[in-house]
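Next come the chains, spelled out residue by residue.
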Amino acid sequence: MIRSVSKAILTELEYAVLAATSSEHVVPKQKHVDTILKYVNNRSLSKDRVLVQSLHKRAKQRNWIVVLKTMLVVRKILTKQDKNLTQSILSNHMLVDLEETIDNSSLEAIRNSKIVIQYARYLQHIAREVVEQGIGPDHWNRVNADDRKTLTLTQIRERANLLLAALNSLVRCQFEDIPIQTPEEMRTEGTLMMTLFLTSIKDALEIYSLIEEYRILLLDRFFKLDKEDATTVFSFCTSFDDTSHSLSTMCNLLRKSSSQYNEIIPEISPLPSSLTSKLKDHIDSLEEKNSVPVVNLSSILNKMEVIHVEVAQKNDNMIDFNNNSYNNNSNNSYNNSNNNN
């Protein structure tokens, strides 16, 4: 299909987008992604329009493979953390209203379309993070910890809630109204769905690690808050635990699929029950207008920070593994394509 389109009537950038998001059931070929990223690194207003419009056309196709590959390309673009280009992607609305493009060609296509739509919602949240904070995929764990400590309570809550919304969208790619697939089942459908699964877990663990840091900052201030703020923080913490449970299930699926993931996938743990009880008791005491109890959280928070460091270290390994996996899948797809020719 792509070869039938003459390169003479397309710019190099337009052709790269078309080729990277073909209907072939393989991951986007690395050479086409590299061409797109080259334009992102040397961008101009006119090139922005060409790139965004080209991606928009592909995102609105009634073919879940084309739309998913477009989303994977968008994620690669977001790693460049270009605020202006990302704002153009958001303003173009290519990541929303994808329900109109559901692929009805088969039950499998309908299911996969739902996964793609949920993944696009995740990218919508992350694009906002790039625009507002200048931080994108593959870079969250490089946020300066000292800078976070200077944030106000409102800033911490806003950032933590945005990231939690992104994490929710990401885990729902696998669990909301969609039959759960094991990694083995994904492999039978080709490398594309497995690539999405690995990319999703890698991003989810990176976001989880950063949210955990924000949660530690919130808990460190918890016993100085009034009733309304304390209740809001407690609600955030419990919501985060609920989402973390789904992420833990995703990680367990991957561990069961192959022993190679045991070393690089961290354990996801909820708040210690002792801490949850202390938080709830404190809110109850505020409701009863009693004096604020003196609670020493230092030992519990120190344990949480140790767990957080372990998660961050294992996630660095997951990033390296996933990048190698994506490149291998891309190269294998390219080689297979050449062999077929």
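One can find the structure itself at the top, above this paragraph.
Per chain, residue numbering runs from 1 following the sequence as it is written. Per-residue local features are limited, in this predicted model, to residues with pLDDT of at least 70; the limit for side-chain atom pairs, both in listing and counting, is 80 or more; totals at the level of whole chains, interfaces and linings are taken over all residues. Each side-chain value is derived from all of the structure's non-hydrogen atoms; neither hydrogens nor water enter the calculation.

Participant: Outline the packing of helix α5 (residues 83–92) against helix α6 (residues 107–133), listing residues and values.
Facilitator: Fitted lines through C-alpha atoms serve as axes, helices being fitted only where they are in contact, and the angles separating the N-to-C directions of these axes extend from 0 to 180 degrees. Note on conventions: DSSP H or I runs of at least 4 residues are helices, E runs of at least 2 residues are strands, and numbering of each starts at the N terminus. Where α5 meets α6, the axes come as close as 9 Å, and the angle between the chain directions of the two elements is 145 degrees. Where α5 crosses over α6, the handedness of that crossing is left-handed. The segment α5 lies against α6, with Lys83, Thr86, Gln87 and Leu90 engaging Gln124, Ala127, Arg128, Val130, Val131 and Gln133. In the contact of α5 with α6, the residues fall into 4 nonpolar, 4 polar and 2 charged. Crossing handedness is read from the near helix: turned anticlockwise from the far helix by less than a right angle, it gives a left-handed crossing, and turned clockwise, a right-handed one. Pairs of residues are marked as contacts when any of their non-hydrogen atoms sit within 4.5 Å. When residues are sorted by character, Ala, Val, Leu, Ile, Met, Phe, Trp, Tyr, Cys and Pro go into the nonpolar class, Asp, Glu, Lys and Arg into the charged class, and all the rest, Gly among them, into the polar class.

Participant: Pulling in residues and values, what's your account of the side chain of Thr86?
Facilitator: Relative to the helices and strands, Thr86 resides in helix α5. Since its relative accessible area comes to 1%, Thr86 is described here as buried. Think of a polar contact as two N or O atoms within 3.5 Å of one another; within protein, one of them needs to be a possible hydrogen donor and the other a possible acceptor, and neighboring residues in sequence only count if both atoms come from side chains. From its side chain, Thr86 meets the backbone oxygen of Asp82 in a polar contact 2.7 Å long. Those residues within four positions of Thr86 in sequence are excluded, and the remaining contacts are Leu78, Ala127, Val130 and Val131. Classification of residues uses two cut-offs on accessible area relative to the type maximum, computed with a 1.4 Å probe and protein chains only: under 20% is buried, over 50% is exposed, and between them is partly exposed.

Participant: If you had to explain the nonpolar core to someone new, which residues and values would you point to?
Facilitator: For the purposes of this section, nonpolar cores are sets of buried Ala, Val, Leu, Ile, Met, Phe, Trp, Tyr and Cys residues that join through side-chain atoms within 4.5 Å. Counting 94 residues, the largest nonpolar core has Ile36, Leu51, Met71, Ile77, Tyr119, Tyr122 and Ile207 as its most contacted members. Beyond its immediate sequence surroundings of up to four residues, Ile207 is in contact with Tyr122, Ile126, Trp140, Leu163, Ala166 and Leu167.

Participant: Explain the packing of aromatic side chains to me, and be specific about the residues and the numbers.
Facilitator: Ring geometry is summarised as follows: Phe, Tyr and Trp rings, the Trp one being its six-membered ring, pair when their centres sit within 6.5 Å, and such pairs are stacked at plane angles under 30 degrees, edge-to-face over 60 and tilted between the two. The tally for this structure, following the rule as stated, stands at 4 aromatic pairs. Ring centres of Tyr119 and Tyr122 lie 5.5 Å apart, and the angle between their planes is 40 degrees; on these two criteria the pair is classed as tilted. Placement of the pair is Tyr119 and Tyr122 together in helix α6, with a separation of 3 residues, close to one helical turn. For the pair Tyr119 and Tyr122, one class covers both residues: buried. An aromatic cluster of three or more residues is present, and its members are Tyr208, Phe236 and Phe240.

Participant: So, the environment of Lys29: which residues are in play, and what are the values?
Facilitator: Inspection of the secondary structure assignment puts Lys29 in the loop between α1 (12–20) and α2 (30–41). Its relative accessible area of 12% is what places Lys29 among the buried residues. It is 10.0 Å that separates the C-alpha atoms of Lys29 and Lys69, two residues lying 40 residues apart in sequence.

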